[in-house]
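# Structural features, examined
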Amino acid sequence: MLELNHIKKDYATGDTKVTALKDINLKFRDCEFVSILGQSGCGKTTMLNIIGGLDHYTSGDLRINGVSTKDYKDRDWDYYRNNSIGFVFQSYNLIPHQTVLSNVELALTLSGVSKSERRKRAIEALEKVGLKDHINKKPNQMSGGQMQRVAIARALVNDPDILLADEPTGALDTETSVQIMDILKEISKDRLIIMVTHNPELATKYSTRIVRLLDGTITDDSNPYTEEQVKEDIEKKKNEELKIQADKKKKKDKKPKTSMSFFTALSLSFNNLMTKKTRTILTAFAGSIGIIGIALILSISNGIQLYIDRVQRDTLSSYPIQIQEETMDISGMVSSLMGEDKDKEEHEDPDRIYSNNIMSEMLNTMVSEVQSNNLKEFKKFIESGDTDIKDYTSAIQYSYNIPINIYMSDTSDGVTQLNPSTLFDAFYGTSTSGTSAGNPMSSMNASYTNSSVWSQLLDNQSVLDSQYDVIAGSWPQSYNEVVIVVDENNEIDDYTLYSIGLKDPDDVTEMFKSIMSGKEFSDESTSYSYDDILNTTFKLILPTDYYQYDSKKDVWKNMSEDEKYMKSVVDNGTDIKVVGIIRPSEDAVSTSLSRGVGYTKELMEYVINGVNESEVAKAQLESETVDIFTGIPFDNSKDTPITMDDVNAYLATLPAEESAQYKAYMSQMSEEQILEMFKESLKAKTTDATFDGNKKILGITDLDTPSEIDLYPVSFESKNEIESIIKDYNKKQQDEGKEENVINYQDYIGIIMSSVSTIINAISYVLIAFVAISLIVSSIMIGIITYISVLERTKEIGVLRSIGASKKDVSRIFNAETLIEGFVSGALGIIITLLLCIPANMIIKSLTTISNVAQLPVAGGVTLIVISMILTWIAGLVPSKLAAKKDPVVALRSE
């Protein structure tokens, strides 16, 4: 039962107060058709809105099933409207962008009804009003009468106790009005209908009760609900009424509330946006301008950072941190050479020239500044896993003082050594360790001799792949496979061609002779197919393969000058195959290998293991005190007592007759007497060789003891981290009293690095500033757009509130709209950015030759869309709050 007890409603208009309702007292039966008649402005609609919970009374009390509403909160009114009230408006108030079915389902979405149940109940409600076949139409596709029937179906779908109709036939013709009134008359059989109308004829014909209002006061009630009737009805339905009241109280105690799901909010917002496709796209484009700016900056920033990373990686692959077995403080030597450490001396006679003696200081510095590094301990530290130094390097390369001896495979015309290079031996002799005084080309010879075209590849395939393109064949997969490096123009310099046998090394001798005799020499340009190069093979000879054991003299002889022996050794050497041709990639700034032949670390390990397992190496290692090449002890000196071997060796040098006489004479003497006889005339044989020197000649090397460690930092920042790790390592060694393990090295590119880092930071700061401005502009734009949407959908807000939507539900709808706008803006911005990157890259490449600078990362694109959605949501918070606070009565009156 619905009761209005002493209801009063005041409105403030400026400084004046207008009373719309004055002490209204009404009681309504559970099932009746009540018409409220009166002139415009008499308070009819105000009373209807108070009954429906859209407006609140100033004083008095509205009681629902005996329960006072004085203490009702917003959520209680929302639940009341959604479950107990159904509204039918004169102007229908259907949501235009929703279908008929969706309009009717809307109230059920707030009640938490499942999707299948919502559809079922909505169709049943539409069937009652005769519109089952029109469920997929939009309101603008229907007549006025049909739309009003949709409004009635929407009001009935939640099975409300009370149906409120505000001028339901005011906008309809007579015939249609009769149809609507017939429907309402039928509905009133099992529920309360309160209708506001100006048409007394309709009221008289269809209503069971007419209440007349004048200036906010009830002037007549044709069928009042008296106290006696109330008591009779209560007694008649006592049990049912008690149950209803108990259920209401239970629901009240549980503080029921309505709630719209976020997906429903998204659906409402999406459908609304789709009704204004052009404006939505233009709005999204306007909102995407900021995102486009950010995305372009991010694309260029990402591309520049990738380019910088590539420059860093490529540069550092050419200039690693080099830690050598022996290193020199070059800065100290340069200071001595420049005389920077010397105080200025005042001379007695200013008119004389004085010498500045720097040679002694420089030589002293060169000797004193040579520092040894214990690379065995440092390698152990790197490989121990106790440091994260590998995380900061693209590769760690270990070098060893052992030559890679390479020969031409074809020995039909004799043995030809290719590496180490022997190109200039014909001019300066077989020894290229020194230079000839006065020879203008001697220094060049030394330079080229020390410049091997065989180099070890970085042990990081990803770096190699980024620096080189494989134009034929493949990368080495085995220790005996190598690649040939060509330049950007597919060219190989002729020095390398001679050094790898593709050109006849003997031609260099002819070239030199012609030039030295004053003749011009023209060297024809040659070309090779990929197959020519890929079919090239070499022979690898170990340093120990040059030596053969002489059992008669018990020494190991160097057989490198024996052509027959060398031919046999080369023929039986290890085959080395060219399996690939690589070329610096177009984007590579610098490469770790600029020319020649690249081999893997496995080849070096193969050579070291082969040497260490050879018989000659084992013989020298077992005889640490004797030179196996001469049989002479390393520590022999002129004062070392002679032995019978020395005597016999001396006798072997004499003529046969004289030697025979000595032997006959000595046959009668003891060994001591013989040695005593010769000790003045003979001296013990000595050797300049040393045990370490012989090991170096033979190439005996421990894999755990490299001669050089090259650390290739990933970036400048990584280089700093590596230096910090080395510094911490040195401190630990010093703290433990192990000064011999302290690592010394030269930082050749520190200055370059610091400069580039400064440039990188400056670019980053500029980009961040641009991004911040773009974000602010984008946020303001979206906020304005959302507020415009709120103004356009004011009536929809009123409709939603009338069917029980809470303020949070209204706010959620506009938040959903901002999220959709944000997503569309972000996605549109990303698509446009990707399209703009194409001409941007073309322009940048034409100006700088750097390709693919503008690259939007996938993660960056996704992040920007998410940021766009978050920003639009934040920007829409204020407009959505304003929408939630709108008075539903005022909202329903808006157009």
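Let me sum up the structure you'll find in this document. Since the structure is predicted, the reported quantities are computational estimates derived from the model, not experimental observations.

## Points about the overall build of the protein chain
Along the protein chain, the regular secondary structure elements total 34 helices and 25 strands. Of all 895 residues assigned to the protein chain, the portion counted as buried reaches 46%. For the protein chain, the share of sequence-separated contacts (at least 6 apart) that also reach a separation of at least 24 residues comes to 78%. As displayed, the protein chain offers around 46,900 Å² of accessible surface, 52% of which is attributable to carbon and sulfur atoms.

## Let's talk about the environment of R81
Looking at the element boundaries, R81 is found in helix α2 (residues 74-84). Remark: the alpha-carbon pair of R81 and R801, spanning 720 residues in sequence, is separated by 8.3 Å. Setting aside chain neighbours within four positions, we find R81 in contact with G52, G53, L54, R801, S802, I803, G804 and A805. A polar atom in the side chain of R81 sits 2.9 Å from the backbone oxygen of G53. At 2.5 Å, the side chain of R81 and the backbone oxygen of R801 are in polar contact.

## Some details on the pattern of salt bridges
Where charged atoms of side chains with opposite charge meet at close range, the side chains can pair. The full count for this structure, using the stated rule, is 27 salt bridges. In this structure, K379 engages D704 in a salt bridge whose closest nitrogen and oxygen atoms are separated by 3.9 Å. Here the residue K379 occupies a position in helix α14 (residues 375-383), and D704 occupies one in the loop between α27 (691-698) and β25 (708-713), the gap between them amounting to 325 residues. Since its relative accessible area comes to 12%, K379 is described here as buried. Note that R812 and D809 form a salt bridge whose closest N and O atoms lie 2.8 Å from each other. Of this pair, R812 and D809 both sit in helix α31 (residues 807-848), separated by three residues, roughly a single helical turn. R812 sits in the partly exposed class, given a relative accessible area of 24%. Residue classification places D809 among the buried residues on the basis of a relative accessible area of 1%. Several salt bridges share partner residues, and in doing so they unite R29, E32, R209 and D221 into one network.

## Some thoughts on the side chain of S207
Within the secondary structure, S207 is located in the loop between α7 (200-206) and β9 (209-214). What S207 contacts, discounting residues up to four positions off in sequence, is F33, S35, M195 and L202.

## Structural notes on the pairing of strand β3 (residues 32-37)
When you tally the buried positions in β3, you get six out of six residues, the bulk of the element. Burial along β3 is two-sided: the residues E32, V34 and I36 and F33, S35 and L37 are all buried. The sheet contact formed by β3 and strand β8 (residues 192-197) spans six bridges and is parallel. Within β8, the residue paired with S35 across the bridge is M195. Pairing analysis gives four bridges linking β3 to β9, with the strands arranged parallel. By the bridge assignment, S35 is partnered in β9 with I210.

## Section: the nonpolar core
Of all hydrophobic cores here, the largest spans 67 residues; its most connected members are F378, I382, W454 and L711. No other element matches the five residues that helix α22 (residues 601-612) contributes to this core. Counting 48 residues, the second-largest nonpolar core is a separate cluster that includes V100, A122, A125 and I193.

## Quick look at the sheet that holds strand β11 (residues 321-324)
One open sheet accounts for three strands, arranged β11-β25-β14; its pairing is antiparallel. Whereas interior strands pair on both sides, the edge strands pair on one side only; in this sheet they are β11 and β14 (393-399). Going from strand to strand, the sheet's axes swing by 10° on average, the running direction of each strand aside. As paired strands, β11 and β25 are joined by four bridges and run antiparallel to one another. Across the sheet, Q324 pairs through a bridge with E708, a residue of β25. Against the sheet, α14 contacts β11, β14 and β25, and its axis sits at roughly 35° relative to β25. Contacts from helix α28 (residues 716-735) reach β11, β14 and β25, with the element oriented near 140° to β25.

## Digging into a nonpolar patch on the surface
Residues V858, V862, V866, I870, W873 and I874 make up a contiguous nonpolar surface patch of about 550 Å² in total accessible area. For I874, the position within the fold is in helix α32 (residues 858-875). With relative accessibility at 45%, the residue I874 sits in the partly exposed group.

## Topic: the sheet that holds strand β6 (residues 85-89)
With mixed pairing, the six strands of this open sheet are ordered in space as β6-β7-β8-β3-β9-β10. Only two strands of the sheet have a single partner each, and these edge strands are β6 and β10 (217-221). For this sheet, the mean angle separating the axes of adjacent strands, direction not counted, is 20°. Where helix α5 (residues 144-156) meets the sheet, it contacts β6 and β7 (162-166), and its direction lies at approximately 170° from that of β6. Strands in contact with helix α6 (residues 174-187) are β3, β7 and β8; relative to β8, the strand with the most contacts, it is inclined by about 150°.

## Considering α5
Compared with the 18 Å implied by 1.5 Å per residue over 13 residues, the 18 Å span of α5 between its first and last C-alpha is a close match. Most of α5 sits inside the fold, with 12 of its 13 residues counted as buried. For α5, the set of buried residues is G145, Q146, M147, Q148, R149, V150, A151, I152, A153, R154, A155 and L156. Lining the buried residues of α5 we find β6, α3 (100-109), α4 (115-128), β7, α6 and α30 (794-802).

## Some thoughts on the packing of α31 against α32
It is at 7 Å that the axes of α31 and α32 come closest, and there the two elements cross at 145°. For the pair α31 and α32, the sense of crossing is right-handed. Taking contact as the criterion, the partners of N815, T818, L819, G822, F823, S825, G826, A827 and I830 in α31 are, on α32, G861, L864, I865, S868, M869, T872 and W873. The residue inventory of the contact of α31 with α32, partitioned by class, reads eight nonpolar, eight polar and no charged.

## Looking at a negative patch on the surface
On the surface, D410, D413, D504, D506, D507 and E510 cluster together into a negatively charged patch. Following the sequence through the fold, D413 ends up in the loop between β15 (405-408) and β16 (417-419).

Rules used in this analysis
- Residues numbered from 1 in each chain as written.
- Predicted model: local features only at pLDDT ≥ 70, side-chain atom pairs only at ≥ 80, totals over all residues.
- Heavy atoms only, no water.
- Helix = DSSP H or I, 4+ residues; strand = E, 2+ residues; numbered from the N terminus.
- Buried < 20%, exposed > 50% of the residue type's maximum accessible area, 1.4 Å probe, protein only.
- Contact = heavy atoms within 4.5 Å.
- Areas by Shrake-Rupley, 256 points an atom, 1.4 Å probe, with all protein chains shown as cover.
- Polar contact = N/O pair within 3.5 Å; in protein donor to acceptor, adjacent residues only side chain to side chain.
- Salt bridge = Lys/Arg side-chain N within 4 Å of Asp/Glu carboxyl O.
- Pairing = 2+ DSSP bridges.
- Core = buried A, V, L, I, M, F, W, Y, C linked by side-chain atoms within 4.5 Å.
- Axes fitted to C-alpha atoms, helices over the stretch in contact; angles between N-to-C directions.
- Patch = residues over 30% accessible without salt bridge, like charges linked within 9 Å, V, L, I, M, F, W, Y side chains within 5 Å.
- Expected span 1.5 Å × (residues − 1).
- Left-handed = near helix turned anticlockwise from the far one by under 90°.
- Nonpolar A, V, L, I, M, F, W, Y, C, P; charged D, E, K, R; others polar.
- Lys, Arg positive; Asp, Glu negative; His and termini not counted.
- Charge placed at Lys NZ, Arg CZ, Asp CG, Glu CD.

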